[in-house]
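Summary of the model geometry
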Number of protein chains: 4
Amino acid sequence: MKEFFPSVPVVEYEGCYSTNPFAYKFYNADQIVAGKSMRQHLRFALCYGKAVCADGADAFGQAVADRSFGAATQAGCARDRACAAMELMHKLGLSYYAFADRDLAPEADTLRESNARLDEIGEYLISLQQVYAVRPLRVSADLTAHPRYRGGAATACGADVFVFAAAQVKKALELAARMGAASFQIDGGREGTGFLPVCNDALERENLARFLRLTAEHAQKIGFDGELCVRPGPPGAALHPYWTDGAEALAFLRQYQLDGTYRINLPGGAADLTGLRMVGEAGRLHTIDAAAQGSGAADEAAMTVLELLRLGGFQTGGFLLDTAPRRVSSTPEDIFLTYIMLMDTYALGLLLAQRILFDGRLEQFRRDRYASFGYGVGKAITEGRMTMEQLELYALEKGEPAVASGRQEYLDNMLRALMMKGI
Amino acid sequence: MKEFFPSVPVVEYEGCYSTNPFAYKFYNADQIVAGKSMRQHLRFALCYGKAVCADGADAFGQAVADRSFGAATQAGCARDRACAAMELMHKLGLSYYAFADRDLAPEADTLRESNARLDEIGEYLISLQQVYAVRPLRVSADLTAHPRYRGGAATACGADVFVFAAAQVKKALELAARMGAASFQIDGGREGTGFLPVCNDALERENLARFLRLTAEHAQKIGFDGELCVRPGPPGAALHPYWTDGAEALAFLRQYQLDGTYRINLPGGAADLTGLRMVGEAGRLHTIDAAAQGSGAADEAAMTVLELLRLGGFQTGGFLLDTAPRRVSSTPEDIFLTYIMLMDTYALGLLLAQRILFDGRLEQFRRDRYASFGYGVGKAITEGRMTMEQLELYALEKGEPAVASGRQEYLDNMLRALMMKGI
Amino acid sequence: MKEFFPSVPVVEYEGCYSTNPFAYKFYNADQIVAGKSMRQHLRFALCYGKAVCADGADAFGQAVADRSFGAATQAGCARDRACAAMELMHKLGLSYYAFADRDLAPEADTLRESNARLDEIGEYLISLQQVYAVRPLRVSADLTAHPRYRGGAATACGADVFVFAAAQVKKALELAARMGAASFQIDGGREGTGFLPVCNDALERENLARFLRLTAEHAQKIGFDGELCVRPGPPGAALHPYWTDGAEALAFLRQYQLDGTYRINLPGGAADLTGLRMVGEAGRLHTIDAAAQGSGAADEAAMTVLELLRLGGFQTGGFLLDTAPRRVSSTPEDIFLTYIMLMDTYALGLLLAQRILFDGRLEQFRRDRYASFGYGVGKAITEGRMTMEQLELYALEKGEPAVASGRQEYLDNMLRALMMKGI
Amino acid sequence: MKEFFPSVPVVEYEGCYSTNPFAYKFYNADQIVAGKSMRQHLRFALCYGKAVCADGADAFGQAVADRSFGAATQAGCARDRACAAMELMHKLGLSYYAFADRDLAPEADTLRESNARLDEIGEYLISLQQVYAVRPLRVSADLTAHPRYRGGAATACGADVFVFAAAQVKKALELAARMGAASFQIDGGREGTGFLPVCNDALERENLARFLRLTAEHAQKIGFDGELCVRPGPPGAALHPYWTDGAEALAFLRQYQLDGTYRINLPGGAADLTGLRMVGEAGRLHTIDAAAQGSGAADEAAMTVLELLRLGGFQTGGFLLDTAPRRVSSTPEDIFLTYIMLMDTYALGLLLAQRILFDGRLEQFRRDRYASFGYGVGKAITEGRMTMEQLELYALEKGEPAVASGRQEYLDNMLRALMMKGI
């Protein structure tokens, strides 16, 4: 089989003193941390679209990278991308990947033909999965890019668009089942309102819920045994998205009694730590997009992984490597460096999070903060044994409550020292 | 009775050709618009705190205005403020006002004494209400300003703070009942998480719901016949507020089965039109803070009032004049000009909204947009009669869906012409 | 000649009561306002790229509109776009347009061939200019879109990129001269720093100044008699742009003694009113991008035109219609509606601005604000006749200065009434 | 002398394994790094106002901390604050502090009396300086907080305000001279425009320049031998400030030929790295506000100190500890923890920056990036030996320029490993 990245070897752990760019400095897959290997904790998945399709075009400029991998035909390009993705996973030591249907093969002139293309490349990928011992962590249908979806898919104002989207989801879901995908995802994508005065958002919301129900029914019918998920965002694709973040997606699922059926994939790394906390405590977390980059990325990743460890870790989900090289970085090597950086960031986050847990002071601090709800009037409140009259009496007698310092600076100092001790 | 604003006469409607600064250009209280008078539609309420307490201090500088109205004692100052507020309402032609307990009288050394102060000024206001024929549109307890609440009131990490806040709410609620207030409000205020890793936000959320339940029980016990409300924000008071906007407040109420008990007061004028739509369609709207200012304020107000008219208007709520003069504007006259501007803005919004409804094209456009859900496959979808298989079959046969232009520019042009025709 | 927009007639003024979407509601080209016709004041120019090239692709999705106008070859498409642009100008009643070299014809494999393409379509446009009586208000070289410029053109870290960009500018400048363009513009585009620790921004800045000097020398050599301009932004194209706004561009020109040679084109409508003021008072304004859209657009446009009138209006520049239809608006009619909206917005702005000037109160207010610098100690300060000692003596004797109210609310009320009187 | 912080000992370096909250983990004053001690590199200065005056009030709430230190009179409180500041400096090991005149003593009813208060506390501080071996790194006049300055001081629209501000500056400057201050600073404060249509910003700008010139003349007259500085911001104090950041302040100084007289104090830690670079390379840097906080603070500080080391370090300036404890942190201990955190952050930044320089790869990368400007056509360009014609010829022959990858991911990986090796 053709090698697409001959200049890059299999990437191995060499520790943080290594100056080899193609080595992990922190990600040591088999290293045991908090009872499990790093690999088991982090469950990284390659994002197929970002890794082997994204060409670096932006709002102001053209593609900087050729992602046809030299192929002359559509089918050839699709197969080459599949092989390139497998090579990337192999060399990076990944066991999972994630894709949308149109990442595998672009749409043809008719849905029938698009489906045929998808079947063909799907079968090819299934055979490659055998060889490389990988499988999809999540599969979705791209209901964002095509102009027919410019005003939404499940929430489009025209019924035919809803229908077309449903047909596309059906096909992608069936492929996901055949490929043994751990989850199937409905994207926020363009689902949202535009100019509100002419929107019937009540109908649109209902339709979105109907779309989720139809998908769930079909998943059951075909015996899909992965998880069903929704994913907020991305920001900017819709003017007022229905799911801007994890909290909003959770509220939507609850409102339509879909929170027993769907889990949530969280975008944005640790940016939305509140969402992670809420979704996690509701037992609805599936996957997190690993996107922490630039200044402060390790601190962010540490906080994300700390939450994750408190929640008991991923079940069937994982961290999706949802990043492409920056536009100024145009070589194949840059693809590897992008993922090495991202994986190292979360590996480092894991090491730091475990150190914080092992140290114990932060956990103790949290328990102590709320101690007053464990006895006396606090306990009575949480057990619903107090009335307003009783609370007033208590307050009149007790006088001004003592309010302890929040000690944020103490926590900052403590965490800083823990994090910078060196790995 | 002393006149506090002798330089300002009773403000009357003179139309938009008037150059008298102390005249309404658009607000004509008794003018019938869409079947009701402007007064009945808009139901403006003076914000007591902003009008007669706010002294213009900001993050970088000291007070610019003396709001003691010359009084030498605390009780005297409280009474003078009350009279000044009545004079403002009288001269502006307002029938409602809104306040937080500590706007009426600052806290004393003990809760007992603070309560006594509140009782005293409360009785005084009740007598003034008789004279001026006004009443509170909403009353709240200030659980934001005092340092004891710096980490939240109902969601504080110390039980004694929760208790103190409950006692304060009890007192304010009882006063609201005596004063015939149309609503009692629990503010978002400082309720939110800080540094997430040490927060038990699950407990905090439960406590917030408990606080709302306790308040509702007490309201029933004392026979308070106004509405109970929550209000998101204000932004900046908590790091991660539990209620950042209307949608989030609604989701909270639903999660804790409080959406039959509490209504929602919306901050920020039309800034959160999506929230207004959601809250309104859920039948949970009470009051809107009228805050549209500066460039585009009339357009914004028109969109807000348009939503409001579609929802059938306010029930017992209204527009709260939630604005103080800017810091550079320091005279008593500036207070009047602030409210004249705000009332004119929403009056103008009402005139424009009615014109849009009367014209009918926007409403027709909205109906047409979703017409395809009224028959054929669209109807079948909304009635739950389609499976994924059927939808796929339909899509395969029908082919690429026709997607109509969104015609945003057409709408823009139409609305612009309608709005600028002149009043 | 083929008609590309047969469904749209020549757009004429019908006043704000018209319900014809393809009519101007406010723009009445020959109406005299403040001593000149609207046409002479506003000098609108069609943005060739936005009008006949932009296909509606965004960061998340594919093109929604075909802008090949049905042509099968590159040259045919180029000519069809040119004709479509002329038809647009004719039907909209425009006399000016603006373009970048690559809008006219895409790059070929070699610079020589790209230049040949440019010459060919350039000659074609020159002949069309005769027929339609139009000419370019501004011409530029596209140094943004091609991947070679991803790290800047004049400020690229590789000398060959600088050279290539210079060659491209030379060609575009020569074409601009042949076409009788009113100005030639160097764009901010990708000029800026990325990751600062590896940037030599001192060298990059020098190179940018050198680039401007080389361009100016060549303009003189070939006898280009239009203006030379720079244009800040667009935001997002470079991480830290050298010219983010008008003020920064002006400071750059001053630092390198180029402020006698270059003028400034201002992006963003009135968003940067401060920049407009500074650039205008320095006598360096050329063109403004007319981009005010949505809520508050008329207010914004009024403030922009007010500044413009105070500065004496455009010399050889004008308002560039720098907007494309929104992505949801995909028909050819939407292109017309986009420009009708934009032109009406600034026409309305002109009417309102003139009304404000005619009313006189705002101008009087401004003069009165600074009156104290016209006599006594204020005059002595501005004439440099006071020392710190003298000022201290004065302050000690005079005591606390009287500070008048800023009366912002008075101004708001006054402007609102003036603006909403109806046209 | 009374001890104000008896619970906190002298803070000493104990290394990053220490769990003592009142110990430095990274700041080891006498440790030699890159040829100088940490103390000499970082030159930390206590911000008097933030440390012993700020009471934690915010836009929504009252003071959380009593900063009268128990004193009953104004003069007693002033002296207690002075002693508390000295104790803080002593225990933190600081040699410098910074203050505004009104931090030392609040304004009295008349300027004469305010001056007397300032003289009195000034003399007291001079005597304490002897005892504690400290001196002011910078002194300023508070032209922000008093309502008379609400529309600016040097740029107020009333001449009397300008005069009063000048008198206040004169007094503060004379005190700075007596106290041996390393610099005197004119703040951006409220200097900026408000509602632009009524602003004469040309006059205001001239007045601001005049104010700087008057100050410089007086400094020379009284033989003040420190530096004169300006400082942008703070954001929010003026609607459109004249100096929003370092670059803008530098452009202002250049425009008025004041860049030989004034240096610039940079706010915001590393937030404005571009401003730091520009101001530094222009030789106009004096002081940096050390404000990096929270996630990513160490990375930020490292980048700031890296720039600083490349520029040759501070001359007479230093890092100002421009931070107060957060509002939730209310104890005296929290003050210490705030500064320990901040000093450790920049000490860590210094260690990391030196490691990056010692490693050498980043520096080499930067040199290599621009290598093409050191020979051939690149050199010819920088030496001004090329015309557009020559450049075109070269481009036509050379063909498409080779553009190297920006290798941002390589740099990220490299810096990450360097930073996380452990201290």
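Note that the structure is predicted; figures quoted are calculated from it, not measured.

1. So, the interface of chain B and chain A
Counting residues at the interface gives 79 residues for chain B and 79 residues for chain A. Carbon and sulfur atoms make up 63% of the surface buried where chain B meets chain A, a total of about 7,400 Å² over both sides. Three residues, B:V198, B:Y370 and B:M388, lead the burial of chain B against chain A; their summed loss comes to 10% of the area buried on that side. Our enumeration of links across chain B and chain A arrives at 10 salt bridges. A salt bridge links B:E400 to A:R148; the shortest N-O distance between them is 2.7 Å. The interface formed by chain B and chain A contains 34 residue pairs in polar contact (both at pLDDT 80 or more). The biggest single contributor to the side of chain B that touches chain A is helix 7 (residues 201–222) of chain B, with 11 residues. Looking at the side of chain B that touches chain A residue by residue, the classes come out as 41 nonpolar, 17 polar and 21 charged.

2. Some thoughts on the interface of chain B and chain C
Residue-level contacts link 45 residues of chain B with 45 residues of chain C. Roughly 3,700 Å² is buried in total at the junction of chain B and chain C, and carbon and sulfur atoms are behind 55% of that figure. Together, B:E409, B:R416 and B:M420 form the three largest contributors to the area buried by chain B at its contact with chain C, with a combined 20%. Linking chain B to chain C there are 4 salt bridges.

3. Considerations on the confidence of the model for chain A
Within chain A, residue pLDDT values average 94, and 99% of them lie at 70 or more. Predicted complex metrics record ipTM = 0.95 and pTM = 0.96.

4. Structural notes on the sheet that holds strand 12 (residues 262–266) of chain C
Sheet strands associate in pairs through backbone hydrogen bonding, adopting either a parallel or an antiparallel arrangement. All names here are of chain C. The parallel closed barrel is built from 8 strands, whose spatial order is 5-6-7-8-10-12-13-14. Mean inter-strand twist for the sheet, computed between neighbouring axes without regard to direction, equals 30°. When strand 13 (residues 285–289) meets strand 14 (residues 319–321), the two strands line up parallel, connected through 2 bridges. Looking at the pairing, I288 lines up with F319 of strand 14.

5. What to know about the side chain of C:R355
All names here are of chain C. Its location among the elements puts R355 in helix 11 (residues 332–359). There is no salt bridge for the buried R355, and the closest opposite charge comes from D359, which lies 8.8 Å off by N-O distance. For R355, the side chain forms a polar contact with the main-chain oxygen of L418, separated by 2.6 Å.

6. Focus: the relation of the copies chain B and chain A
Of the transformation superimposing chain B on chain A, the axial component is 0.0 Å and the angular component is 180°, with the fit at an RMSD of 0.0 Å. On the angle and the small slide along the axis, the relation comes out as a two-fold axis. Minimal C-alpha distance to the rotation axis in chain B is attained by B:A251, lying at 2.9 Å. A share of 100% of interface residues in chain B that are also interface residues in chain A marks the association as one of identical surfaces.

7. Describing the packing of helix 10 (residues 297–310) of chain D against helix 11 (residues 332–359) of chain D
Residue and element names in this part refer to chain D. At a minimum axis distance of 7 Å, the contact between helix 10 and helix 11 shows a crossing angle of 60°. In terms of orientation, helix 10 and helix 11 fall into the oblique class. Between helix 10 and helix 11 lies a crossing whose hand is right-handed. Contacts between helix 10 and helix 11 involve A297, A298, A301, A302, M303, V305, L306 and L309 from the first element and T345, Y346, L348, G349, L350, L352, A353, Q354, I356 and L357 from the second. Taken together, the residues of the contact of helix 10 with helix 11 break down into 15 nonpolar, 3 polar and no charged.

8. Describing the pattern of salt bridges
Residue and element names in this part refer to chain A. Going through the model one piece at a time under the given rule, you end up with 129 salt bridges over all chains. D289 is the salt-bridge partner of R138, the closest N and O atoms lying 3.4 Å from each other. One end of the pair, R138, is in strand 7 (residues 135–140); the other, D289, is in strand 13 (residues 285–289), and 151 residues separate them in sequence. The two residues R138 and D289 agree in class, both being buried. Each member of the salt-bridge network shares a partner with another, and the members are K50, R138, D187, R231, D289 and D322.

9. Describing the environment of C:G378
Relative to the elements of secondary structure, C:G378 occurs in helix 13 (residues 376–382). On a C-alpha basis, the gap between C:G378 and C:H218 in space is 48 Å, while along the polypeptide they are 160 residues apart. Those residues in contact with C:G378 that lie beyond four places of it in its chain are C:S372, C:F373 and D:A159.

10. So, the sheet that holds strand 7 of chain A
Residue and element names in this part refer to chain A. The strand order 5-6-7-8-10-12-13-14 describes a closed barrel built from 8 strands, whose pairing is parallel. The average undirected angle you get between the axes of adjacent strands in this sheet is 30°. Pairing between strand 8 (residues 183–187) and strand 10 (residues 227–231): 5 bridges, direction parallel. Looking at the pairing, Q185 lines up with C229 of strand 10. Strands strand 5 (45–47) and strand 6 (96–100) of the sheet are contacted by helix 3 (residues 74–92), whose axis makes an angle of about 145° with strand 5.

How each quantity is defined
Residues numbered from 1 in each chain as written. Chains lettered and ligands numbered in written order. Predicted model: local features only at pLDDT ≥ 70, side-chain atom pairs only at ≥ 80, totals over all residues. Heavy atoms only, no water. Contact = heavy atoms within 4.5 Å. Buried area = accessible area lost by both parts, 1.4 Å probe. Salt bridge = Lys/Arg side-chain N within 4 Å of Asp/Glu carboxyl O. Polar contact = N/O pair within 3.5 Å; in protein donor to acceptor, adjacent residues only side chain to side chain. Helix = DSSP H or I, 4+ residues; strand = E, 2+ residues; numbered from the N terminus. Nonpolar A, V, L, I, M, F, W, Y, C, P; charged D, E, K, R; others polar. pLDDT = per-residue confidence, 0-100. Pairing = 2+ DSSP bridges. Axes fitted to C-alpha atoms, helices over the stretch in contact; angles between N-to-C directions. Buried < 20%, exposed > 50% of the residue type's maximum accessible area, 1.4 Å probe, protein only. Lys, Arg positive; Asp, Glu negative; His and termini not counted. Least-squares fit on C-alpha atoms with pLDDT ≥ 70 in both. Parallel < 35°, antiparallel > 145°, perpendicular 65-115°, else oblique. Left-handed = near helix turned anticlockwise from the far one by under 90°.

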